[in-house]
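Okay, here's what each chain looks like letter by letter:
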Amino acid sequence: MQYRGQACDVQEVKMDKKQKVRFRLPEDFYLPEKAEGWLEEKAAEGLFLQSLGRKWAVFIKGEPEEAAYMLVPMDPDDMKGPAEQGGEYKKFGWEYVTQLRRMVLVLRGSRGQCERIQELKGESIYEKLLRKLKGSAWGLFTPFIFWLIWLVASSYLMGYGMLLLAVRGYCWVVFLGMGLCGLTQAGSWQEARLVQRLLREMEIRFKKELRGSGEIKARDNTETGGIPTGRAKAADILFRVMLIFFTVCTVFGLLGGINAAVSRKKLVLTGNAAAYEENGWKEGDFRMASFLKKHPAWETLSPALIPLNRIQQNETLEYRVYTYKGKDQDSYSLVTGSLLAPVQAEVMQYGKWQEGGNGRESTLKLEYYQTLTPKLASDFLKELGRYYMHWYKGWVPEKVESSYFDELVIHDRGLHYLFARKGNQVIFAYYIGDEMLSDHLPEFEQAVETLGGG
């Protein structure tokens, strides 16, 4: 099917491809007559369209001409690309310029040498294109869907809640990913909205021309087929709200990333007994010097916090490198910080010793946190339990009475776990060996007392 309109007259356009300028699209660009008129005005100023986006149009500078532009829909059933479909209009005096979301073609012609004609294969072409756009509108919700899936999977399947991520300093990655993904989707959604409105208006213009209404004029918003004003405003409000949300997520993510980059961090490998003496605190590191000035107790305390040989009550124990699946795992101590927990430490120790000709091995993992408030520490203790022991699955160990700790949970059956809180301090221990952690509470109390008092 074809429809024809006015003829146009101008000479061939000459352009300097090295000179490009960018202009924001006018508010009424969704009206095809207004869009074409705006592009023709730019051509009269010597600016010729090169590409289109959701908000911007890129022009190439050249000699002012009275060029003509025409917007036509692409055929969604045609396997040809935009340039090839646009080339089909060459016989009518048009040349392909660019496309918008592979749904709307932009053609340029010379007045007097081109004919306004649109080759269509049935009126349903508009409905087919609009159906393809529906998925783009839902794309704005993709980051929300990701967020919900992550919350469900982490909180109820793995026990890895937001507080645990925030305290450990990894939450900024989630926020940054969420924000950037959302902003990208928001831009795509905005472009889809522009194309949707353009297609609606082009469909109305097409129906008018079929009825023989003569010269095509800008619509007066009374023709059937447009988007209701109420729905359009609601969509715009939703877009603005979600854009603000994703922007805030991006800002939080960037701030968290900056905090993680400048946080005090020190890693000490303790794969052998002399590792601490050889690779202890280096005060030449300005971040570590600042940390030790604020927390002097850490300067005299081994990064290991509680040596494994004290738990094993065996001074002949040696730290070792543990080989797991062909890879060496060093014993280590790590000290760092985050916004919600300015002081953090993590220790992993592998030990072995000989006794009666038989080699024995033990493992101790210990984590220490100082959070901003005791309430935050209490909530964080629960998330540690959910993550390491799945407390949320209908079983929570009974708390142990303690004259020192505010909260204390010890599990000494099979594997050994200890969760304890003193004010805003939290300590967690995971141990594989022959001892009972309940028999070594003085060592944990001493560590918390020393570090908290520093």
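Quick notes on the rules
Residues numbered from 1 in each chain as written. Predicted model: local features only at pLDDT ≥ 70, side-chain atom pairs only at ≥ 80, totals over all residues. Heavy atoms only, no water. Helix = DSSP H or I, 4+ residues; strand = E, 2+ residues; numbered from the N terminus. Contact = heavy atoms within 4.5 Å. Areas by Shrake-Rupley, 256 points an atom, 1.4 Å probe, with all protein chains shown as cover. Buried < 20%, exposed > 50% of the residue type's maximum accessible area, 1.4 Å probe, protein only. Pairing = 2+ DSSP bridges. Phe/Tyr/Trp six-rings, centres within 6.5 Å; stacked < 30°, edge-to-face > 60°.

Helix and strand counts for the chain stand at 13 helices and 17 strands. A fraction of 67% describes how many contacts in the chain between residues 6 or more apart in sequence connect residues 24 or more apart. Summed over its atoms, the accessible surface of the chain is roughly 23300 Å², and 54% of this surface lies on carbon and sulfur atoms.

A regular strand places its side chains so that they alternate between the two faces of the sheet. The element strand E17 (residues 425-432) is largely enclosed, with a buried count of seven among its eight residues. In this antiparallel pair of consecutive strands, strand E16 (residues 415-422) and E17, the connection spans two residues, and Gly423 shows a positive phi of 60°.

With that settled, consider the packing of aromatic side chains. All told, the structure shown has 13 aromatic pairs when counted by the stated rule. Aromatic pair Phe29 and Trp38: ring centres 6.0 Å apart, planes at 90°, arrangement edge-to-face. Judged by its relative accessible area of 1%, Phe29 falls in the buried class. Seen in terms of ring centroids, Tyr417 and Phe419 are 6.3 Å apart; in terms of plane orientation they differ by 5°. Their pairing is stacked. Assigned by exposure class, Tyr417 and Phe419 land together as buried.

With that out of the way, let us pick up the pairing of strand E15 (residues 407-413). Where burial is concerned, most of E15 is hidden: six out of the seven residues are buried. Relative to E16, E15 is paired through seven bridges, and the arrangement is antiparallel. Across the sheet, residue Glu407 finds its bridge partner in E16, namely Arg421. With antiparallel pairing between neighbouring strands as the criterion, E15 and E16 make up a hairpin whose turn holds one residue, including Gly414 at a positive phi of roughly 75°.

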